[in-house]
Amino acid sequence: MPDDHDAEPAERAAPVDRAAPADREGPADREGPADREAPADRAGPAADGSTAAHEAHGAHARTRTAAEKWVAFKKSPFLPATVLIFILAAAAGLFAGSYTYSMAAPTPHRIPTALVGAPDDARGKAFVQGMEKALNASLELHEYRTYAQAREAIDEQQAFTIISVAGSGVRMDLSSASGASVSQLLQQAAPQVGKKAGVPVTIKDIKPVQPGDPRGLALFYVSLAAVIIGFVGAIQLSVHARGLNPAERIAFTLAYALLGGFSIAAVVDWLLGALTLPFVHSWLILAFTMFTSGMVFTMFNTLIGRWAMVPTWGLMVLLGNPSSGGAVSWPLLPSVLGHIGRWLPPGASVNAQHTAVYFPGHQHVFPYLVLAGWSLLSCTVFWLWRHRHPGGRPTTPAHAAH
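The residue numbering used here restarts from 1 in each chain and proceeds along that chain's sequence as written. At least 70 in pLDDT is required for a residue's local features to be given in this predicted model, at least 80 for side-chain atom pairs to be given and counted, and no such filter applies to totals for whole chains, interfaces and linings, which use all residues. In computing side-chain values, all of the structure's heavy atoms are included and hydrogens and water are not.

### Section: the overall build of the chain
Only DSSP runs of H or I reaching four residues or more are called helices, and only runs of E reaching two or more are called strands; each is numbered from the N terminus. Of the regular secondary structure elements, the chain holds 14 helices and five strands. Exposed residues in this analysis have more than 50% of their type's maximum accessible area, buried residues have under 20%, and partly exposed residues fall in between, with area computed by a 1.4 Å probe over protein chains only. Across the 402 residues in the chain, those meeting the buried criterion constitute 39%. What sets the accessible areas is the Shrake-Rupley method with a 1.4 Å probe; for residues, cover comes only from the shown protein chains. Of the roughly 22400 Å² of accessible surface on the chain, a fraction of 64% belongs to carbon and sulfur atoms.

### Structural notes on the pattern of salt bridges
By salt bridge we mean one thing: a side-chain nitrogen of Lys or Arg within 4 Å of a carboxyl oxygen of Asp or Glu. In this structure the tally under the stated criterion is three salt bridges. Between Arg151 and Asp155 there is a salt bridge; the shortest N-O distance is 4.0 Å. Taken together, the positions of Arg151 and Asp155, both in helix H6 (residues 147-155) and four residues apart, correspond to about one turn of that helix. Exposure remark for Arg151: the relative accessible area of 26% places this residue in the partly exposed category. For Asp155, a relative accessible area of 13% puts it in the buried group. Where Asp173 meets Arg171, a salt bridge forms, and the shortest distance between an N and an O atom there is 2.8 Å. The class for Arg171 is partly exposed, based on a relative accessible area of 34%.

### Observations regarding the pairing of strand E3 (residues 161-166)
Burial analysis of E3 places five of its six residues in the buried class, the great majority of the element. When DSSP finds at least two bridges between two strands, those strands are taken to pair. Where strand E1 (residues 110-116) and E3 come together, four bridges link them in parallel fashion. Bridging from a neighbouring strand, Thr113 pairs with Thr161 of E3. Hairpin connection, E3 to strand E4 (residues 169-174): the antiparallel pair is bridged by two residues, and Gly167 has positive phi, about 65 degrees.

### Regarding a nonpolar patch on the surface
On the surface, Leu254, Leu258, Val280 and Leu284 cluster together to form a nonpolar patch covering roughly 330 Å² of accessible area. Mapped onto the nonpolar patch, the elements with two or more residues apiece are helix H9 (246-271) and helix H10 (279-304). Tracing the backbone through its elements, the reader meets Leu284 in helix H10. To count toward a patch, a residue needs a relative accessible area above 30% and no salt bridge. Like charges then connect within 9 Å, nonpolar side chains (Val, Leu, Ile, Met, Phe, Trp, Tyr) within 5 Å.

### A word on helix H5 (residues 122-135)
Compared with the 20 Å implied by 1.5 Å per residue over 14 residues, the 20 Å span of H5 between its first and last C-alpha is a close match. Among the residues of H5, those classed as buried are Gly124, Phe127, Val128, Met131 and Leu135. Mapping the buried residues of H5 onto a view down its axis gives an arc of 95 degrees, with all of them on the same face. Opposite its buried face, H5 presents the exposed residues Ala122, Gln129 and Lys133, each directed more than 90 degrees away. A contact between two residues is defined here by any heavy atoms of the two lying within 4.5 Å. On its buried side, H5 packs onto E1, strand E2 (138-144), E3, E4, helix H7 (180-197) and strand E5 (201-205). Positioned one or two residues after H5, Asn136 has a phi angle of 55 degrees, which is positive. Helix span, expected: 1.5 Å multiplied by one less than the number of residues in the helix. Directions from the helix axis toward the C-beta atoms define the arc.

### Here's the deal with the nonpolar core
Here the nonpolar core consists of buried residues drawn from Ala, Val, Leu, Ile, Met, Phe, Trp, Tyr and Cys, with membership extended through side-chain atoms lying within 4.5 Å. Ranked by internal contacts, the top residues of the largest apolar core, which has 43 residues, are Leu219, Ile264, Leu275, Leu315, Met316 and Tyr358. Counting only elements with at least two residues in this core, the list comes to helix H8 (218-240), H9, H10, helix H11 (309-320), helix H13 (345-358) and helix H14 (366-384). Ranked by the residues each element gives to this core, the list is headed by H10, at nine residues. In contact with Met316, other than residues within four places in its own chain, are Val227, Phe231, Ser293, Val296, Asn321, Pro345 and Pro346. By size, the runner-up hydrophobic cluster in this structure holds 23 residues, among which are Val128, Ala189, Ala190 and Val328.

### With respect to the pairing of E4
With respect to burial, E4 is a largely interior element, five of its six residues being buried. Bridge count between E3 and E4: six bridges; the pairing is antiparallel. Residue Ile162 lies in a different strand from E4, and its bridge partner there is Asp173. Note: E4 against E5, five bridges, orientation parallel. Residue pairing across strands places Val170 opposite Val201, the latter belonging to E5. Handedness is read with the strands pointing away from the viewer; a crossover is right-handed when the path from the first strand over the helix to the second is clockwise. Viewed along the sheet, the connection from E4 through H7 into E5 turns out right-handed.

Purely spatial values, then, with no claim about function.
So this is what it looks like as structure tokens:
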């Protein structure tokens, strides 16, 4: 019995003594030498490469020169982001400054005035001199023999007011439609001047603005919308429809200009009733403005690429809108702005729209020539240098890859 009991532990221990561990070790034994040598083998290249790694690490640890830092900065996205910071800051200040300079304290310089009656009449002279002193400006007098001729000058927008010397006093006829800001200034000054000069003054507005636009600003705002949406639309085409070819880009610019002009006119006239527009005429002026504005951006995008927004914003918004005469009539603008504003797309748009609404029988071709000139210039530059435009797509099929 003791022998049996002694044998059981040995038998039960036998599995422990089986060669299973050795079997599991078998593959390791077969591959062991290679595996054991592999670290040594791998250590060779690692040891060899450690020198290069150490040198690379040392290169990074080394302080870079100013020239190297500048080269890295130019290749990073931080350069355009930094430039944009300063451009946006300058644009904000210039935007506020340009509008404040032209609109905050409008000062008359010269006001074209139609004079009917005896020019050497003492009452007329006293009133005119008093008005010039009160306004700190000159009334640019144009003499007319009859009142009908003077009224024609108002319709042709050659005069802002009519002074008639007759009877015992003076009559001043205003034309708010010619310039609401000028009429308001004259209306405030005339009674005080007449009282001081001892001359009775009768004031009448013979060409008022529409009731829905008492300050005469609606036409400025619709033109402003056409200008801004015009070049914003071109920006969006360059971003979201980059693959458009030149002819396609011009066609799509024309398409959104036509639809956008219609939308502006419909909202202002049909939906809000702020203005009664000669609808088709006003619509086409707005579309012409949007197309011109869009093509101006496209021209600058062709010439200077991603920075095209800078000259576009400067020309159309910082300079063009304040000098357009829409918010403040040109006789009250600083003289330089009053002259150059008519040659820019925003001023041309305001002038064309203003005449279409208030003086439909007395259209002038000049504003349309200005818009056409800017459109033609922009399209020509874009077309001639279209290979430089950042958009477009290949016109020939790509070669098949071998």
